[in-house]
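# Structural overview for review
Listed below are the residues making up each chain.
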Amino acid sequence: MINFSAVPPLSLPGRLVRYPLKLIPSDLALPVLQGPLRGQRWIVGSHLHGCWLGSYEWKMQRRIVREVRAGSVFFDVGANVGFYSLLAAMRVGTGRVYAFEPLPANIVFLRSHLEINCVRNVEVLEVAISDHSGTTTFASESTRAMGKLEAGGGLTVQVSTLDRLIAEGRAAAPNCIKMDIEGGEFRALLGATESFAKFRPQLFLATHGKAVHDDCCRLLASWEYEWVYMARDSEERSELFAQPRGGRINIDQY
């Protein structure tokens, strides 16, 4: 795999690589060039160019491909416009994917990606995930990539816990959970305490901020989970794969 995303954007090679991308119409749907989603159609302007180039978060992609099994249930918490929902849909086959996303603009792209790729095993839940249920405010920005629950945010959204959604039958018990919600990870995990105790799912987690990361790690340890890092860009963002202690975690790619 050619990791285009690894080329520094401000370097000369980075500028040369990225300049032609500005000429591509944002509403054009192109086939993903490489990686597990190769050949699937992707709307260029929906998210970063790394998505249709196939290099987006490539370590996370590889880990999901390695771990997710046919027939399993996958939760995409913070689905954004559906990159990992599409990837998980291919992996689970006759299983089920639940995509949790509260931002209306992202939901439009998410549903479009499912439609243009004829995906039928993904259910979209228009809800934010946290440690409580009800409504709350959500803050977004121009790229739609870093939206988060925040007091005083400009959008009011529905919020729920994973435990409640499962208990109400709105989602099946998960085998795998991917979670990337811009700093809300600890609260979302707290709201899934019963599910982690009962179903022991694998977790693909991106944390945002050192305090949130440390809180998540302490919580996982209390649940008798172990983990390896997939990426640590800085103290502000880390990606880790966690599963119940005693499982075999292959770390040869890190």
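In this text the structure is predicted, and so the values were computed from the model without any measurement.

## Things to note about the packing of aromatic side chains
Following the criterion strictly, the structure yields 11 aromatic pairs and no others. Between W42 and F83, the aromatic rings sit 5.7 Å apart at their centres with planes inclined by 75°, giving edge-to-face as the arrangement. A residue pair is termed long-range when its members are at least 10 positions apart, and W42 in strand β2 (residues 41-43) and F83 in helix α4 (residues 83-92) qualify at 41 residues. A relative accessible area of 0% means that W42 is categorised as buried.

## Digging into the environment of H113
Among the structural elements, H113 can be located in helix α5 (residues 104-116). Along the backbone, H113 and Q40 are 73 residues apart, and their C-alpha atoms lie at a distance of 9.0 Å. Apart from the residues within four sequence positions on either side, H113 is in contact with R41, W42, I43, S46, V81 and L86. There is a polar contact of 3.0 Å between the side chain of H113 and the backbone nitrogen of I43.

## What about the pairing of strand β5 (residues 122-125)?
One ladder, built from four bridges, connects strand β4 (residues 96-100) with β5; its direction is parallel. Considered in β5, the bridge of V97 is made with V122.

## Topic: the side chain of N117
Mapped onto the fold, N117 is located in the loop between α5 and β5. Of note is the side chain of N117, whose polar atom sits 2.7 Å from the backbone nitrogen of R41. Discounting chain neighbours no more than four positions away, the residues touching N117 are Q40, R41 and L86.

## Concerning the nonpolar core
Core analysis: the biggest nonpolar cluster contains 34 residues, and W42, I64, F74 and F204 have the highest contact counts within it. Those elements giving two or more residues to this core turn out to be α2 (49-53), α3 (58-67), α4, β4, α5, β5 and β12 (225-234). Residue contributions to this core peak at seven residues, all from α4. Non-local contacts of F204, meaning those with residues more than four positions away in its chain, are made with M60, R63, I64, E67, V68, F74, C176, I177, K178, M179, L240 and F241. Within the second largest apolar cluster, 30 residues are counted, among which are A171, A188, C216 and W223.

## Things to note about the pattern of salt bridges
Throughout the structure, instances matching the rule amount to 10 salt bridges. Between R96 and E123 there is a salt bridge; the shortest N-O distance is 3.9 Å. Residue R96 is located in strand β4, and its partner E123 is located in strand β5; the two are separated by 27 residues in the primary sequence. Its relative accessible area of 30% is what places E123 among the partly exposed residues. Across the pair E239 and R237 runs a salt bridge whose closest N-O atoms are separated by 2.7 Å. Salt bridges here are not isolated pairs; linked through shared partners, they connect E57, D180, R237 and E239.

## Digging into the packing of α3 against α4
Any two packed helices are characterised by how steeply their axes cross, that is the angle between the axes, and by the distance between the axes. Where α3 meets α4, the closest approach of the two axes is 10 Å, and the angle between their N-to-C directions is 25°. The angle between α3 and α4 places the two elements in the roughly parallel class. Crossing geometry of α3 relative to α4 is assigned as right-handed. In contact with M60, Q61, I64 and V65 of α3, α4 contributes F83, Y84, L87 and R91. Among the residues making up the contact of α3 with α4, the classes are represented as six nonpolar, one polar and one charged.

## Overview of unusual backbone geometry
A negative phi angle characterises most non-glycine residues, just as the trans form characterises most peptide bonds. One non-glycine residue, C118, lies in positive phi territory at about 55°. Looking at where C118 falls in the secondary structure, it is placed in the loop between α5 and β5. Positioned with a positive phi, E224 is a non-glycine residue whose angle comes to about 60°. Tracing the chain through its elements places E224 in the loop between α9 (210-222) and β12.

Thresholds applied
- Residues numbered from 1 in each chain as written.
- Predicted model: local features only at pLDDT ≥ 70, side-chain atom pairs only at ≥ 80, totals over all residues.
- Heavy atoms only, no water.
- Phe/Tyr/Trp six-rings, centres within 6.5 Å; stacked < 30°, edge-to-face > 60°.
- Helix = DSSP H or I, 4+ residues; strand = E, 2+ residues; numbered from the N terminus.
- Buried < 20%, exposed > 50% of the residue type's maximum accessible area, 1.4 Å probe, protein only.
- Contact = heavy atoms within 4.5 Å.
- Polar contact = N/O pair within 3.5 Å; in protein donor to acceptor, adjacent residues only side chain to side chain.
- Pairing = 2+ DSSP bridges.
- Core = buried A, V, L, I, M, F, W, Y, C linked by side-chain atoms within 4.5 Å.
- Salt bridge = Lys/Arg side-chain N within 4 Å of Asp/Glu carboxyl O.
- Axes fitted to C-alpha atoms, helices over the stretch in contact; angles between N-to-C directions.
- Parallel < 35°, antiparallel > 145°, perpendicular 65-115°, else oblique.
- Left-handed = near helix turned anticlockwise from the far one by under 90°.
- Nonpolar A, V, L, I, M, F, W, Y, C, P; charged D, E, K, R; others polar.

Any functional reading would require information that these geometric values do not contain.
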